[in-house]
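Listed below are the residues making up each chain.
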Amino acid sequence: RRRGRLAMPFERSENGNDAAVDLRARRELRAPSDAHGDAVRRDLDALALDGGGMVPRPNSPAGANQAPIVVVKVGTSSLLKGGTSGHLHLSNFGMLAETCCELQRRGMRCVVVTSGAVGVGCQVLNKKKPQDLAGKQAMAAVGMVRLMRMYDDFFQSVGQPVAQVLISLDNIMDRQQYMNAQSTFRSLLAQDIIPIVNENDTVAVQHTKFGDNDTLSAHVAALVDADYLFLLTDVDGLYTANPNTNPDATRIPVVENIDDLEVSTDDAGASGLGTGGMATKLSAARLAAASGCNTIIMHANALPDLPDIILHQKSVGTLFLAMPRPLRGRKRWILLLPPSGDLVVNANAARAMETNKSLFSTGIVACRGDFVAEDGVRILTIDSETGDERDLGRAITNYSSEEIETFIGKSADEFYEIVGYAGAESIAHRNNICCWIPFGQEPSSLNLAGMAGGSD
């Protein structure tokens, strides 16, 4: 692989003009599974076809003829000024409301993922950020009331209704709850309502928390079939190093493959009230890319540029390209599951899984962690060039970690003698395996128009 490659982001059309080319391969329309879903989908179809001049993207993750969906994640540093003794960043609330309203007017649908509940709670009570989970949850309970009041006031002032949606990792891990949440989002979007999403901090426990709202926003983007995920922060993109400490750091405008990056993710930690950083944003971008969603890391001050970024491909911040053949349905859900352990596989097994094949015991090098059958695990492989481990994807296993350790290097014919029952031949079936780069096809900026023509 070439490191840090940036291809010329234009493609010539047959008539010689610089024509916009779809970012992803065409995808089939995914039919809802129930009558309610059909009704909601028809409403979204009507919105897409009458979207104030906005032409629906034929390759949208939501399906053909669907209104493009935009998820905007606002960080704590973008909502608060001056730490616990400061105040809310009112101008950013106003810009967010006006920008989302403009996107809706142009035929798109918006979802806002908000941080700041703990920080606002600390400001309301004039206290420092607690270090224990119960203390943080108490601050979040206080802060969320004030935060939602501000969102409601600002969005109502521009005539845009909003709804509060609280999600926990438990909701994502359970397939039925996941689908119920998906139906709720579709119903809200079909009624032209902007969901304001945050983690349900009050009831979450440590091992079932997203940990940061960058990760939450990527889960939400996958859940709603979003076309774009904007991660708003206090820096104007991804740099080769920390620009606050290294004057030679340069902004990276386009990233095709996160695995190709050789950058520092050290953070300056401006507000001290947030939980995310550049490393969590890269993880979120990877998850969103595999789901077919383009991710842009940018400064919150550039909020008014969102329409131009989407409609005219203006270059702002750092764009992470979506995969040309993204995961969908159950496989996308598997990718969202938190792993309970690791399976290290050899090169042959890695190539097989990248071409949609099952994982067998002969391809496993090592098994780590303590998990049971039907748990989600991380699939790792050894990079032949560097010798480092590479994260290949996620899988749901047919056996426990204890059983898999006894299967390593053995054939499926020997399983019965080892465990005493006739189980599946594969360690993980291909229907339960999903890779970060689906079908081995990486995105390319050759299929992206306009990114070189915008201003920083």
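This text follows the structure it describes.
Note on numbering: residues in each chain are counted from 1, in written sequence order. The model is predicted, so local features are restricted to residues of pLDDT at least 70 and side-chain atom pairs to those at 80 or more, both for listing and for counting; the totals for chains, interfaces and linings are taken over all residues. Heavy atoms from the whole structure form the basis of all side-chain values; hydrogens and water molecules are not counted.

**Q** Would you mind going over the overall build of the chain with me for this structure?
**A** Labels follow the DSSP assignment, with helices taken as runs of H or I lasting at least four residues and strands as runs of E lasting at least two, numbered in each case from the N terminus. The secondary structure content of the chain amounts to 14 helices and 15 strands. Think of it in three bands: residues with accessible area under 20% of the maximum for their type are buried, residues over 50% are exposed, and the middle band is partly exposed, with areas taken using a 1.4 Å probe on protein chains only. Every one of the 456 residues in the chain was classed for burial, and the buried ones make up 53%. Counted over contacts in the chain with a minimum sequence separation of 6, partners at least 24 positions apart contribute 76%. Method for areas: the Shrake-Rupley scheme with a 1.4 Å probe, in which residue coverage is limited to the protein chains shown. If you sum the accessible surface of the chain, you get close to 19600 Å²; carbon and sulfur atoms cover 48% of it. Throughout, a residue-residue contact means that at least one pair of heavy atoms, one from each residue, lies within 4.5 Å.

**Q** Quick question: what am I supposed to make of the packing of aromatic side chains here?
**A** The geometry of an aromatic ring pair is captured by two quantities: the separation of the ring centres and the angle between the planes. Aromatic contacts are taken between Phe, Tyr and Trp rings whose centres are within 6.5 Å, Trp giving its six-membered ring; a plane angle under 30 degrees counts as stacked, one over 60 as edge-to-face, and the others as tilted. Counted by the stated rule, this structure contains 7 aromatic pairs. With a centroid separation of 5.7 Å and 25 degrees between ring planes, the pair formed by Phe93 and Phe154 is classed as stacked. Remark: Phe154 occurs in helix H5 (residues 133-157) and Phe93 occurs in helix H3 (residues 90-105); sequence separation between them is 61 residues. Measuring from centroid to centroid gives 6.1 Å for Tyr228 and Phe230, while their planes differ by 20 degrees, and the two rings are stacked.

**Q** Please explain unusual backbone geometry as it appears in this structure.
**A** Across the chain, the bulk of peptide bonds are trans and the bulk of non-glycine residues have phi less than zero. A positive phi angle is found at Asn126, which is not glycine, with a value near 55 degrees. Locating Asn126 in the fold gives a position in the loop between helix H4 (117-125) and H5. Residue Asp225 is not a glycine yet carries a positive backbone phi of 60 degrees. If you trace the backbone, Asp225 turns up in the loop between helix H8 (213-223) and strand E7 (228-233).

**Q** What should I look at first to understand the environment of Ala412 in this one?
**A** Turning to its location among the elements, Ala412 is positioned in the loop between helix H13 (401-407) and helix H14 (415-419). Residue classification places Ala412 among the partly exposed positions, given a relative accessible area of 31%. Once the C-alpha coordinates of Ala412 and Ser426 are considered, the two residues, 14 residues apart in sequence, prove to be 7.4 Å apart.

**Q** Before we go on, may I ask you to explain the pairing of strand E1 (residues 69-74) in this structure?
**A** Regular strands place side chains that alternate from one sheet face to the opposite one. In terms of burial, E1 is largely enclosed, as 6 of its 6 residues are buried. Burial of E1 is two-sided: the residues Ile69, Val71 and Lys73 facing one way and the residues Val70, Val72 and Val74 facing the other way are all buried. The pairing criterion is simple: DSSP has to find at least two bridges between the two strands. Where E1 lies against strand E4 (residues 109-114), 6 bridges are found, and the strand directions are parallel. Looking at E4, one finds that Val71 is bridged to Val111. Across 5 bridges, the pairing between E1 and E7 is parallel. What sits directly across from Lys73, in E7, is Leu231.

**Q** What's the story with helix H9 (residues 278-290) in this structure? I'm lost.
**A** In an α-helix, one full turn covers 3.6 residues, which means residues spaced three or four apart are oriented alike. A helix's residues, less one, multiplied by 1.5 Å, set its expected span. Along its 13 residues, H9 runs 19 Å from first to last C-alpha, staying within 8% of the 18 Å computed at 1.5 Å per residue. Here H9 lies mainly inside the structure; 11 of its 13 residues are buried. Looking at H9, one finds that the buried residues are Met278, Thr280, Lys281, Leu282, Ala284, Ala285, Arg286, Leu287, Ala288, Ala289 and Ala290. Note on H9: the residue one or two positions beyond its end, Gly292, has a positive phi of about 90 degrees.

**Q** Sorry if this is basic, but what is going on with the nonpolar core here?
**A** Where a protein is soluble and globular, its nonpolar side chains tend to be buried together. As used here, the term nonpolar core means buried Ala, Val, Leu, Ile, Met, Phe, Trp, Tyr and Cys residues forming a set that is joined through side-chain atoms within 4.5 Å. With 50 residues, the main nonpolar core has Phe185, Val220 and Phe320 as its most contacted residues. Here this core gets 7 residues from one element, more than from any other, and that element is H9. Non-local contacts of Phe185, meaning those with residues more than four positions away in its chain, are made with Val111, Val165, Ile167, Pro195, Val197, Val220, Leu223 and Val224.

**Q** Looking at this model, I keep getting lost on the sheet that holds E1. Mind explaining?
**A** The strand order across the open sheet formed by 8 strands is E5-E6-E4-E1-E7-E9-E10-E8, and the pairing between neighbours is mixed. The outermost strands of the open sheet, each flanked by one partner alone, are strand E5 (162-167) and strand E8 (254-255).

**Q** In this structure, what is going on with H5? I would like to understand it.
**A** With 25 residues, H5 extends 35 Å from end C-alpha to end C-alpha; this agrees with the ideal 36 Å at 1.5 Å per step. Note on bend: the value at a residue is the angle between axes fitted to the seven residues ending there and to the seven starting there. At Gly143, H5 shows its largest kink, close to 30 degrees. Residues of H5 that are buried include every one of Gly135, Gln137, Met139, Ala140, Gly143, Met144, Leu147, Met148, Met150, Tyr151 and Phe155, and no others. In the segment just after H5, Gly159 is the residue with positive phi, at about 75 degrees.

None of the figures reported here should be taken as evidence of function without further support.
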